[in-house]
Amino acid sequence: MKSKAAQSVQDLHYFGEFGGVNPSISDSSTYTFLSAKTMFDTFEGNTEGCYLYSRHSSPSNLYLGEAMAALENTESANVYASGMGAISAVVMQLCNANEHIVSSRTIYGGTYALFKNFLPKLNIETSFVDITKLSVVEAAITENTKLIYCEAVSNPLLEVADIEALAILAKKHNIPLVVDNTFSPSNISPAELGADIVIHSLTKFINGTSDCVAGAVCASTDFCLSLKDVNDGAGMLFGSTLDSLRAASILKNMRTLHIRMKKHSDNAYYLAQHFEKDGLKVVYPGLPSHPGHETLKKQMNEEFGFGGLLTIDVGSLEKANSLMELLQKENLGYLAVSLGFYKTLFSAPGTSTSSEIPLEEQETMGLSTGLIRFSIGLDHDITDTYKRMKSCMQKLNILDKQKELA
Ligand code: PLP
């Protein structure tokens, strides 16, 4: 599949106030009106092109929102102060008390905690399911279900959701399919495959410089406007607004996303292939050994590859920690959570980004303690990186151990 998305982002063009090549940054929290009537109409949502107050919208946030809508090929997009701000706004907008969510069980730990621990306070319950089993997903849907939630490529297990099939199922039950596409911006275009709402943590690949947190919701204009409604919009009322300065800097970084994603993917593919040949337990959706490989091939935008994340199970948390410390010492990356940086980032999700998930549940979903998640960087010479990583593994007897186990 070839998506128009990356090109659409390049095609957007705005000039700054003084003819600058970048749009001017809106540096105001509030806006003047020449007439009191226009102010009232704007509150009522009846004026276009007028700004009211920056928690509602601001020119800089709208520019970034338009770029996000172009990337995901949706009618519209809103930006938020974090990925969690985007996720919570969507869920609070779609669900009332006593309603229900069907969610993939392998999702980012923060989202899992929101669904599992926080939403029950509002009497919103979630059934966590194996999203790759459509019959299980369908069986979990009740008359109170208000959305199906999944990640296109899941954090941290890299499970691949069959978005086309899930979208058909969601339509059959007249509920929206909400897809978090944080791990695969450009690689997968969920809306083109039928998803109704696409969410991003812009903190990761899209911004790409690990210097801020931000999020986005890409959806129909109606849904995006409903989130901003001054009377009952969850985005507007819970207030996770992105600052204009940040929106402007993310927009500038986003223009190189297509180049970065290709490089992240190429590098991760190279390492995954070689480490698998070396006998390591590698999970990478680009490898034919990955259970979601065919699904991903069917729905990916080929030119961007299979994505920049891979996991390696080195057998124990102790080994994982020693390896990560050594890799950092050898300047092969940073022992840090998050992803999408120019440098490789690695962490053991069981004790970090997925630690919100109870141990027994981690085990049932296949999240072992020795699992390391790698967000592969933009290394210029990946063959050299591979050799140096391999030598770290050899020093710690990790490669030999894996061969014995095989
Ligand atoms: N979705 C996914 C898949 C993530 O990995 C994360 C954070 O790691 C989030 C959402 C939350 O994003 P943020 O940290 O920007 O709130």
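Calculation notes
Residues numbered from 1 in each chain as written. Predicted model: local features only at pLDDT ≥ 70, side-chain atom pairs only at ≥ 80, totals over all residues. Heavy atoms only, no water. Phe/Tyr/Trp six-rings, centres within 6.5 Å; stacked < 30°, edge-to-face > 60°. Lys NZ or Arg CZ within 6 Å of the ring centre and 35° of its normal. Axes fitted to C-alpha atoms, helices over the stretch in contact; angles between N-to-C directions. Helix = DSSP H or I, 4+ residues; strand = E, 2+ residues; numbered from the N terminus. Parallel < 35°, antiparallel > 145°, perpendicular 65-115°, else oblique. Contact = heavy atoms within 4.5 Å. Nonpolar A, V, L, I, M, F, W, Y, C, P; charged D, E, K, R; others polar. Near = heavy atom within 4 Å. Polar contact = N/O pair within 3.5 Å; in protein donor to acceptor, adjacent residues only side chain to side chain. Expected span 1.5 Å × (residues − 1). Buried < 20%, exposed > 50% of the residue type's maximum accessible area, 1.4 Å probe, protein only. Arc of directions from axis to C-beta.

Participant: What is the right way to read the packing of aromatic side chains from this model?
Facilitator: Aromatic rings in a pair are described by how distant their centres are and how their planes are angled relative to each other. Inspection of the entire model under this criterion finds 11 aromatic pairs. We note Lys204 situated over the ring of Tyr108; from NZ or CZ to the ring centre the distance is 5.9 Å.

Participant: Can you help me understand the packing of helix α4 (residues 83-94) against helix α8 (residues 221-228) in this one?
Facilitator: In a packed pair of helices, the relevant descriptors are the angle between the two axes and the axis-to-axis distance. Look at α4 against α8: their axes get within 10 Å of each other, and the N-to-C directions meet at 95 degrees. In terms of their interaxial angle, α4 and α8 are classed as roughly perpendicular. Contacts between α4 and α8 involve Ala89, Val90, Gln93 and Leu94 on the former and, on the latter, Phe223, Ser226 and Leu227. Here the contact of α4 with α8 is composed, by residue class, of five nonpolar, two polar and no charged.

Participant: How do you make sense of the site of the ligand when you look at a structure like this?
Facilitator: Surrounding the ligand, one finds 14 residues, the nearest of these being Met84, Asp180, Ser201, Thr203 and Lys204. Contact distances for the ligand include 2.8 Å between an oxygen atom and a backbone N or O atom of Gly83. Taking Met84, its main chain carries an N or O atom lying 2.8 Å from an oxygen atom of the ligand. Per-element tally for the shell around the ligand: the top contributor is α4, with three residues. In terms of residue class, the shell around the ligand is built from five nonpolar, six polar and three charged.

Participant: Explanation requested: helix α13 (residues 317-329) in the structure shown.
Facilitator: For an α-helix, the turn length of 3.6 residues means that residues three or four places apart are oriented alike. With 13 residues, α13 should reach 18 Å at 1.5 Å per residue; the first-to-last C-alpha distance of 18 Å fits that figure. Along α13, the residues that are buried comprise Ala320, Leu323, Met324, Leu326 and Leu327. For α13, the angular spread of buried residues about the axis comes to 165 degrees, placing them on one side. Exposed and facing more than 90 degrees away from the buried side of α13 are Glu318, Glu325 and Lys329.

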